[in-house]
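Chain residues, written in single-letter form:
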Amino acid sequence: MAGVGSACLAIALLTALYAAAASVFGARAGRREWVTSGRRAIYCVATLCIVAFGLLEAAFLRSDFSYALVAEGSSTDTPTFYKVTALWATQDGSLLLWATLLSLFASTVLFLTRRSLRDIAPYATAVLGCVAAFFLLLMVGWENPFDTLATPPLEGAGLNPLLRHPAMMIHPPMLYTGYVGFSIPFAFAIGALVAGRTGADWIRATRRFALIAWTFLGTGIMLGALWSYTELGWGGYWAWDPVENASLMPWLVGTAFLHSIMVQEKRGMLKIWNVSLICATFTLALLGTFLVRSGILSSIHAFGASTIGVQFLIFIGLVIALSAGLIIARLPQLRSEAKLDSLLSREAFFLLNNLVLVGLCLVIMWGTFFPLISEAITGTQASVGPPWFNRLVTPLALVLVLLTGIGPVLAWRRFTPAALWRVLWPPVSAAALALVLLLAFTNAADSPASLAMFCLVAFVLVVVGMELARGTKARRTMTGESWPRSLARLTGRNRRRYGGYLAHAGIAVLFLGVAASSAFLEQRDVRLKPGDTFEVDGYRVTYREATAKLGGDSAGTGAPISFGAVLDVRKHGKHFVMRPSRNYYSSGDASLGTISRFFEGEATSEVDVRWGLKRDLWLAVRPDIGSLEKPIQEADRKFADSPGDVQALIVAALAERYRRDPPPAAFRAIASPLVMWIWIGGAIVVLGALVAAWPSPEARLRRVRSLYSARLGRELSRA
Amino acid sequence: MEYALALVVLAVVVGAVLSLPLRRRGEEELREETMLAELSAAKEAKYREIRDAELDHQMGKLSDADWRSVDRDLRSEAIEILRQLDRVEGHVPEGGMDR
């Protein structure tokens, strides 16, 4: 079926190009049938991509090693869940995922707009067709996922052990859905510029897509952080790694876009800024994919080889040049319809929040690309580390959280200082109270930045609570409903507003976790033999015994060998047991000995975390298998040509030897306060975004009806 | 061989799907033009009804309560016609198209 898959991609490429050409011709010549044909071409691209995706998934599931990609990224002993997800762990597979998601998103938006935006939609179709054609061209020309091997191996190389983690498997589709989702508002923005329709129509048509993209990208970033925390064995969730940064940058600019489009919708302002932001977001999304797949910057997350880097750079260059050219050409039509009435207004604060978000993005971009910049100037690659990022990002993050609190209380157009103080004194008092309590009862003063963040979090949470209480009270006064009913109706009828506030509260909670866990964690690195004890943050940890398992590792990754430890942990009279381990995967290197290849492949940490609302206790172990070196070498000599079942017996005997007489093992223990609140905050943000994105037909109908009533009144009075 | 065969079959199927709107050229436009004409006529008729009801009210033929009820119903019907007109003309429905 590889031939069918390749044919699907080739026809999809031609169809995507046709979609672009037919749509533009139809729009220019005023021939609607060509526009319809172009739109249908995008549906066909989606269908062809889905067929290709299904064929490749089937090949992974049946471990068909005649496909080079399956042989490279899977094996017969890879668990089924990871076989399904191994497709996008490979470069070619991830390109197919990109193209499939893009064509699906494009088909959805073009179907929804088939009877509207007739000036803009054909050009948007052309843009989406071109983007899809680029990814299909990469596959057809350079990275065909359907390449086959003349002599298929009996066994595949298997999925990279580091990727055998549920979060890591869901993380790429989430990120890609985010990246792809931003291509929809980008395409319609370009369509609006080409058509000269620079009003807010394109924003209204695609706002929900931008919000969904933002939510998926944010969820992908959170899952990546969770993977880093629980899989990589260093104990942190964010390392300012280039690939992490590459996903954060479009999310930050996308956040700015989601805020600033409200100003254009309400006041007809910031038109240039909005099209620039969405063009930048899409470009950064392409850059994110490029960084993961090109390997130009060393990263723990970069899993691709650099075979399509140049093509990506050319495409990114084209996107920037065409977007900038169009914006410049349309400058007269992009003039604001209104002026900023006051610096004390919601739109002014949205602008400020935009500047901070874009500032954050620029700082992160500079730090991320510094190695390339330094190499270009000095000839040697130097990089900036987490302290550099923390020093610059922390003050901007503090300002951002402050704005997150002030924004919701301000009115559009203008607000008086007296009115501002009237609404702000409760949250300011809450922040002050938090400051006093933290200084009196905790050591928060040891980290002034964290202390400031805690106070600002209190400020934001009180603002959100107040806004909800005020709205509910007003509704209760008007309708006489009960408090819970009023609250439910209020949020249900104003989902965009209250979903946004919920997301603000989530961001504040997330920053609470970040500030506490980064400044007040306690870490111990120790080397212990069974029976030894150490303390970390009041936890008394005793290494009870070593463990050794063959197959069936606790995380279900399919690792053949797993060495670990059982530790008794006691604190304040409570006792619990933790079981960190380290998985060892076989090496495919034929030059290694028959037995030693079982121990010489990749090894991954399977950390054990005792999750808690107040603090996490995180434990990782690195067993010393050096003591097995001699017996392994001896077994290599004695059992060089032994059959598989004998090899398994030898490995089992070696594992048992380690379990009975383990040498001292290295342990890392980290007690981090409030880490759990990072994940809870992230979940609240996602919930808020879902509330804001959820269709509210009732509210829309009310709004539409009132606008039509006004139009009816105007037209009747004119006659 | 498999590749070439698949290529031909897929090209034919996709070609057929894409050429369908081109072959039906004119049919859809004609249908839309007819609908537009009908809706425009319906709109004018509805506006006339609204004004007539208003005149009847001013002349005392309709009581306040009756006029309010009739006017409300007529305006609802007029709004529905305006909405259909926008849909056929391909404008974004006023107030956004968040569907």
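Residues numbered from 1 in each chain as written. Chains lettered and ligands numbered in written order. Predicted model: local features only at pLDDT ≥ 70, side-chain atom pairs only at ≥ 80, totals over all residues.

Enquirer: In this structure, what is going on with the overall build of chain A? I would like to understand it.
Expert: Within chain A one finds 21 helices and 10 strands. Here the C-alpha atoms of chain A give a radius of gyration of 28 Å, agreeing with the 27 Å that 2.2 N^0.38 yields for 719 residues. Dimensions along the principal axes, computed over C-alpha positions, put chain A at roughly 105 × 70 × 60 Å. In chain A, which comprises 719 residues, the share counted as buried stands at 52%. Residue pairs at least 24 apart in sequence account for 76% of intrachain contacts in chain A once pairs closer than 6 positions are excluded. (Helix = DSSP H or I, 4+ residues; strand = E, 2+ residues; numbered from the N terminus. Rg over C-alpha atoms; globule rule 2.2 N^0.38 Å. Buried ≥ 20, exposed ≤ 12 C-beta atoms within 10 Å, placed from the backbone. Contact = placed C-beta atoms within 7 Å.)

Enquirer: Whenever I open this one, the overall build of chain B confuses me. Can you help?
Expert: A count of helical and extended segments in chain B gives three helices and zero strands. For chain B, the α and β elements follow one another from N to C terminus as α-α-α. Classification of the 99 residues of chain B by burial places 11% in the buried group. A separation threshold of at least 6 residues defines the contact pool for chain B, and within that pool the share at least 24 residues apart is 64%.

Enquirer: When you look at the sheet that holds strand β9 (residues 615–622) of chain A in this model, what are you seeing that I'm missing?
Expert: By way of backbone hydrogen bonds, the strands of a sheet pair with one another, either parallel or antiparallel. Residues and elements named next belong to chain A. Taken together, four strands build an open sheet; the order of strands is β1-β10-β9-β8 and the sheet is antiparallel. Each edge of the sheet is formed by a strand with only one pairing partner; in this case those strands are β1 (522–528) and β8 (608–610). Each strand of the sheet is rotated relative to its neighbour by a mean of 15 degrees, with strand direction disregarded. Of the pairings in the sheet, the one linking β8 to β9 comprises three bridges and is antiparallel in character. Residue pairing in the sheet places arginine 610 in a bridge with leucine 617 of β9. (Pairing = 2+ DSSP bridges. Axes fitted to C-alpha atoms, helices over the stretch in contact; angles between N-to-C directions.)

Enquirer: Please explain helix α1 (residues 2–29) of chain A as it appears in this structure.
Expert: Residues spaced three or four apart along an α-helix point in a common direction, a consequence of the helix completing one turn every 3.6 residues. Along its 28 residues, α1(A) runs 40 Å from first to last C-alpha, staying within 8% of the 40 Å computed at 1.5 Å per residue. With 21 of its 28 residues buried, α1(A) lies for the most part within the structure. (Expected span 1.5 Å × (residues − 1).)

Enquirer: How should I be thinking about the nonpolar core in this particular structure?
Expert: Soluble globular proteins tend to bury their nonpolar side chains together. All names here are of chain A. One finds Val45, Ala132, Val457 and Phe511 to be the most contacted residues of the largest nonpolar core, which totals 203 residues. If you tally residues by element for this core, the top one is helix α7 (residues 166–195), at 18 residues. Contacts of valine 45, omitting those with residues within four sequence positions, involve Ala12, Thr15, Ala16, Ala19, Ser103 and Ala132. Ranked by size, the runner-up nonpolar core spans 39 residues in total, among them Ile561, Met578, Phe598 and Val621. (Core = buried A, V, L, I, M, F, W, Y, C linked by C-beta atoms within 7 Å.)

Enquirer: Looking at this structure, how should I read the pairing of β9(A)?
Expert: All names here are of chain A. Most of β9 sits out of view: seven of its eight residues are buried. Bridging between β9 and strand β10 (residues 665–673) involves eight bridges; their strand directions are antiparallel. Paired with alanine 620 across the bridge in β10 is arginine 668.

Enquirer: Help me out: how do you make sense of the confidence of the model for chain A in this one?
Expert: Where the model shows low pLDDT, its predicted coordinates should not be examined in detail. Looking at chain A as a whole, the pLDDT averages 89, with 97% of positions reaching at least 70. The element-level mean pLDDT for chain A is lowest in helix α21 (residues 697–718) of chain A, coming to 73, with helix α6 (residues 121–141) of chain A highest at 96. (pLDDT = per-residue confidence, 0-100.)

Enquirer: What's the story with unusual backbone geometry in this structure? I'm lost.
Expert: A negative phi holds for most residues other than glycine; trans holds for most peptide bonds. Residues and elements named next belong to chain A. The phi dihedral of serine 63 is positive, around 50 degrees, even though this residue is not glycine. With respect to the helices and strands, the residue serine 63 is situated in the loop between α2 (32–61) and α3 (68–73). A positive phi angle, close to 50 degrees, is found at histidine 572, a residue other than glycine. Within the secondary structure, histidine 572 is located in the loop between β4 (561–571) and β5 (574–578). Judged by local crowding, histidine 572 falls into the exposed class, with 6 C-beta atoms found within 10 Å.

Enquirer: When you look at the packing of α2(A) against helix α1 (residues 2–23) of chain B in this model, what are you seeing that I'm missing?
Expert: Geometrically, a packed helix pair is captured by the angle between its two axes and the distance between the axes. The interhelical angle for the contact between α2(A) and α1(B), taken along N-to-C directions, is 155 degrees, at an axis separation of 7 Å. Compared by their axis directions, α2(A) and α1(B) come out roughly antiparallel. The way α2(A) lies across α1(B) gives a crossing that is right-handed. Residues Glu33(A), Thr36(A), Ser37(A), Arg40(A), Ala41(A) and Cys44(A) of α2(A) touch α1(B), and the partners they reach there are Val14(B), Val17(B), Leu18(B), Pro21(B) and Leu22(B). (Parallel < 35°, antiparallel > 145°, perpendicular 65-115°, else oblique. Left-handed = near helix turned anticlockwise from the far one by under 90°.)

Enquirer: How do you make sense of the environment of His575(A) when you look at a structure like this?
Expert: All names here are of chain A. In this structure, histidine 575 sits in strand β5. For histidine 575, a count of 9 C-beta atoms within 10 Å puts it in the exposed group. Sequence-wise, histidine 575 and arginine 540 are 35 residues apart; in three dimensions their C-alpha atoms are separated by 9.5 Å. Setting aside chain neighbours within four positions, we find histidine 575 in contact with Asp568 and Arg570.

Enquirer: Hey, could you run me through the packing of α1(A) against α2(A) in this one?
Expert: Residue and element names in this part refer to chain A. Relative orientation of the contacting elements α1 and α2 amounts to 160 degrees, with a least axis distance of 8 Å. In terms of their interaxial angle, α1 and α2 are classed as roughly antiparallel. Once α1 is placed against α2, the crossing between them reads as left-handed. Classifying every residue of the contact of α1 with α2 by side-chain character gives 23 nonpolar, six polar and one charged. (Nonpolar A, V, L, I, M, F, W, Y, C, P; charged D, E, K, R; others polar.)

Enquirer: Can you walk me through helix α14 (residues 417–441) of chain A in this structure?
Expert: Residue and element names in this part refer to chain A. In this model α14 runs 34 Å from its N-terminal to its C-terminal C-alpha over 25 residues, within 8% of the 36 Å that 1.5 Å per residue would give. Among all positions in α14, only Leu424, Pro427, Ala430, Ala431 and Ala434 are buried. For α14, the secondary structure elements touched by its buried residues are α13 (386–406) and α15 (448–479).

Enquirer: In this structure, what is going on with the confidence of the model for chain B? I would like to understand it.
Expert: All names here are of chain B. In this model, chain B carries an average pLDDT of 81, and 85% of its residues clear a pLDDT of 70 or more. The least confident element of chain B, judged by mean pLDDT, is helix α2 (residues 27–58) at 81; the most confident is α1 at 91. Ignoring residues within four places in sequence, the model shows residues 94–99, a span with pLDDT below 50, making 20 contacts including any to other chains.

Enquirer: What am I meant to see in the pairing of strand β6 (residues 581–584) of chain A here?
Expert: Residue and element names in this part refer to chain A. Burial along β6 is two-sided: Ser581 and Asn583 and Arg582 and Tyr584, pointing in opposite directions, are all buried. The pairing of β4 with β6 spans four bridges and is antiparallel. Bridge pairing in β6 places isoleucine 561 opposite tyrosine 584. Taken together, the four bridges between β6 and strand β7 (residues 603–606) define a ladder with antiparallel strand orientation. Residue arginine 582 lies in a different strand from β7, and its bridge partner there is serine 605.

Enquirer: Explanation requested: the environment of Val253(A) in the structure shown.
Expert: All names here are of chain A. Its location among the elements puts valine 253 in helix α9 (residues 242–267). Valine 253 sits 106 residues away from glycine 359 along the chain, and the two C-alpha atoms are 9.5 Å apart. Here valine 253 is in contact with Leu277, Ala280, Thr281, Leu284, Leu357, Val358 and Cys361, once residues within four sequence places are set aside.

Enquirer: So what exactly am I meant to see when it comes to the environment of Thr416(A) here?
Expert: Residues and elements named next belong to chain A. Considering the arrangement of structural elements, one finds threonine 416 in the loop between α13 and α14. The exposure class assigned to threonine 416 is exposed, which follows from the 11 C-beta atoms found within 10 Å. In this structure the C-alpha to C-alpha distance between threonine 416 and leucine 252, which are 164 residues apart in sequence, comes to 30 Å.

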